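# Residue-level structure breakdown
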Amino acid sequence: MERTLTILKPDCVRKQLIGAVIDKIERAGFRVVAMKKTRLTPDTAGEFYAVHRERPFYGELVEFMSSGPCVPMILEKDNAVADFRTLIGATDPAQADAGTIRQLYADSKGENIIHGSDSAENAAIEAGFFFSAEEAVRVN
Ligand code: DAT
Ligand code: MG
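Residues numbered from 1 in each chain as written. Chains lettered and ligands numbered in written order. Predicted model: local features only at pLDDT ≥ 70, side-chain atom pairs only at ≥ 80, totals over all residues. Heavy atoms only, no water.

### Concerning the packing of aromatic side chains
In the structure shown here, the tally under the stated rule is six aromatic pairs. Ring centres of F30 and F84 lie 5.3 Å apart, and the angle between their planes is 85 degrees; on these two criteria the pair is classed as edge-to-face. One end of the pair, F30, is in the loop between α2 (18-27) and β2 (31-35); the other, F84, is in helix α5 (residues 80-88), and 54 residues separate them in sequence. Across this residue pair, the class does not change: F30 and F84 are buried. Ring geometry for F48 versus F129: centroids 5.3 Å apart, planes at 70 degrees, classification edge-to-face. Separated by 81 residues along the polypeptide, F48 in helix α3 (residues 42-48) and F129 in helix α7 (residues 120-130) bring together distant segments of the chain. Looking at F48, the relative accessible area reads 10%, which means it is buried. For F129, a relative accessible area of 29% puts it in the partly exposed group. Each residue in the set F48, Y49, F129, F130 and F131 is aromatic and connected to the rest through ring pairs, giving one cluster. (Phe/Tyr/Trp six-rings, centres within 6.5 Å; stacked < 30°, edge-to-face > 60°. Helix = DSSP H or I, 4+ residues; strand = E, 2+ residues; numbered from the N terminus. Buried < 20%, exposed > 50% of the residue type's maximum accessible area, 1.4 Å probe, protein only.)

Rendered as C-alpha cells:
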C-alpha cells in the first residue's frame, strides 16, 4: 500500500464539488485515511509550495491557495501516487485527458481544483504538513 496527499483546493470548495470529487476518488479505489477542512494563510500556502518560489506564478498560486477553505486528505491505495496523478489529469485542464477530475471540473491552470503529490517521498512530507501521526492512522 502507498499513500498520497491531496488537497481539494479553494475553487473546489467554492463550486460545491467536495462530494463529487471525493466520489470519484473513492470509486477509483482510494481509501480516505485522513481528511479535514482548513484554510491556509499566505505564509502556510507559501511554505507548502516553497519548491515553486522562483516561478512567475508563485504569488498568484499563494494568493489562490489562501483565498478560502480547502480540504486536504491522505489517500491510500496500491501505486497511489502515480494512479492519483492519472485520476486528476494534467496541470492544465485544457490538456487533461477526458474523464479526469481536472478535465471535468477545473477552469484553468492556476485554478485546477485539486492537488496530488508527485512522489511517495513528497507525499509523506505533505501529509505531515496537515496531519499528526495519530490523525493519519488508518482505522478501516
Ligand atoms: P501539479 O499541481 O499538476 O503538480 P505543479 O506542481 O507544476 O502542477 O504546479 C503547482 C500548482 O501551481 C498547479 O497545480 C497550479 C499552479 N501552476 C502551475 N503552473 C502554472 C502556470 N503556468 N500558471 C499558473 N499557475 C500554475
Ligand atoms: Mg506538483
